Amino acid sequence: MLTIAVISGKGGTGKTTITASLGYILASEYKKKVCLIDADVGLSCLTRLFKVSYTLTLRDALKDPAIKLAHIMRPALSLQNLLIVPSGTALHDLVASNPKILVSKLLEVSQSGVDVTLIDAPAGISSVVIASMVASDKYMLVEELNPWGIDAALKLKSLAERLQKPSIGLVLNDVVGWKGTVRRAIRSIEEIVGIRVLGVVPNDKVVRKATMRLEVLAEKYPKSKATKAIREVAKKVAELVS
Ligand SMILES: Nc1ncnc2c1ncn2[C@@H]1O[C@H](COP(=O)(O)OP(=O)(O)OP(=O)(O)O)[C@@H](O)[C@H]1O
Ligand SMILES: [Mg+2]
């Protein structure tokens, strides 16, 4: 069993898009039992993407210790081995004063028999992000290919080092450019940041279309270039699990 915190320095880099499709591919193609934890409250939250109906949320479970994480996991409409933990509303107010409640709640995932857990964390550095990282075995960065993305990766790596968390790698998302230029950029990023680039997801117009329609990219557009790139990432994650 492996728990990965999906993090980024800046908002809107594609964490939710990639978490959803990565989880979908691991569940549908690799037949893993996958749990996706929504620790963020973005526009296209995971429950909406996977058409999950629920009443209890992570927020409820943080308020009431009797509500276990296993009680709030709901299967995706199209895949029974893909479980979603809804966030409820933002968690910062509950977690800021007591990050340990989120850490211990997230650690309950180890009792649920899942193979892989992905935590879709909020952007930046906050108590929710720190708790998500502490409760995970490893973290995955999702950044854009620009100086701000590199800067953010460096900051989060330094936080992770203080928390003694290893990285599974950096996913560069929404990438535009010539292959040769991108290849050279990847090499220098790996050198500067000191984290391997796990995947390069190109800018692809179907991604935004899927987001707007509340669809899971990999489910709706399995042959798109963005899905193909996420499939490469899934292969590497699956290797870490088996
Ligand atoms: N590879 C891509 N090509 C084109 N558009 C993309 C790509 N990846 C993400 N997007 C678009 O960028 C927007 C932000 O994506 P997403 O919500 O996944 O980011 P996020 O990191 O989860 O954001 P937040 O920090 O707010 O939680 C969405 O509209 C999505 O469709
Ligand atoms: Mg998000």
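(A) Highlighting the packing of helix α8 (residues 147-163) against helix α9 (residues 179-193). α9 packs onto α8 with a crossing angle of 30° between their chain directions and a minimal axis gap of 10 Å. Looking at the two axes, α8 sits roughly parallel to α9. Crossing hand, α8 versus α9: right-handed. Note on element contacts: α9 touches α8 through Ile-189, Ile-192 and Val-193, opposite Ile-150, Ala-153, Leu-154 and Lys-157. A class-by-class count of the residues in the contact of α8 with α9 yields 6 nonpolar, no polar and 1 charged.

(B) Representation of the pairing of strand β5 (residues 116-120) in the model. Extensive coverage of β5 is indicated by the burial of 5 of its 5 residues. A two-sided burial pattern is seen for β5, the buried positions comprising Val-116, Leu-118 and Asp-120 on one face and Thr-117 and Ile-119 on the other. Pairing analysis gives 5 bridges linking strand β1 (residues 2-7) to β5, with the strands arranged parallel. Paired with Ala-5 across the bridge in β5 is Ile-119. Bridge analysis of strand β2 (residues 34-38) against β5 gives 5 bridges, and the strand direction is parallel. Residue Ile-37 lies in a different strand from β5, and its bridge partner there is Ile-119.

(C) The arrangement of the site of ligand 1 in detail. Taken together, 21 residues sit near ligand 1, with Gly-11, Lys-15, Thr-16, Thr-17 and Thr-211 positioned nearest. Going through the elements one at a time, α1 (15-28), β7 (167-175) and α10 (205-212) are the ones with two or more residues in the shell around ligand 1. Across the shell around ligand 1, the residue classes break down as 4 nonpolar, 12 polar and 5 charged.

(D) Looking closely at the environment of Ser-78. By the element assignment, Ser-78 lies in the loop between β3 (74-76) and β4 (79-85). For Ser-78 and Glu-219, which are 141 residues apart along the polypeptide, the C-alpha to C-alpha distance reads 9.4 Å.

(E) Fine view of the pairing of β1. With 5 of its 6 residues buried, β1 lies for the most part within the structure. Strand direction decides the pairing type here: β1 and strand β6 (residues 138-144), joined by 4 bridges, are parallel. The partner of Val-6 across the bridge, within β6, is Met-140.

Rules behind the numbers
- Residues numbered from 1 in each chain as written.
- Chains lettered and ligands numbered in written order.
- Predicted model: local features only at pLDDT ≥ 70, side-chain atom pairs only at ≥ 80, totals over all residues.
- Axes fitted to C-alpha atoms, helices over the stretch in contact; angles between N-to-C directions.
- Helix = DSSP H or I, 4+ residues; strand = E, 2+ residues; numbered from the N terminus.
- Parallel < 35°, antiparallel > 145°, perpendicular 65-115°, else oblique.
- Left-handed = near helix turned anticlockwise from the far one by under 90°.
- Contact = placed C-beta atoms within 7 Å.
- Nonpolar A, V, L, I, M, F, W, Y, C, P; charged D, E, K, R; others polar.
- Buried ≥ 20, exposed ≤ 12 C-beta atoms within 10 Å, placed from the backbone.
- Pairing = 2+ DSSP bridges.
- Near = placed C-beta within 6 Å.

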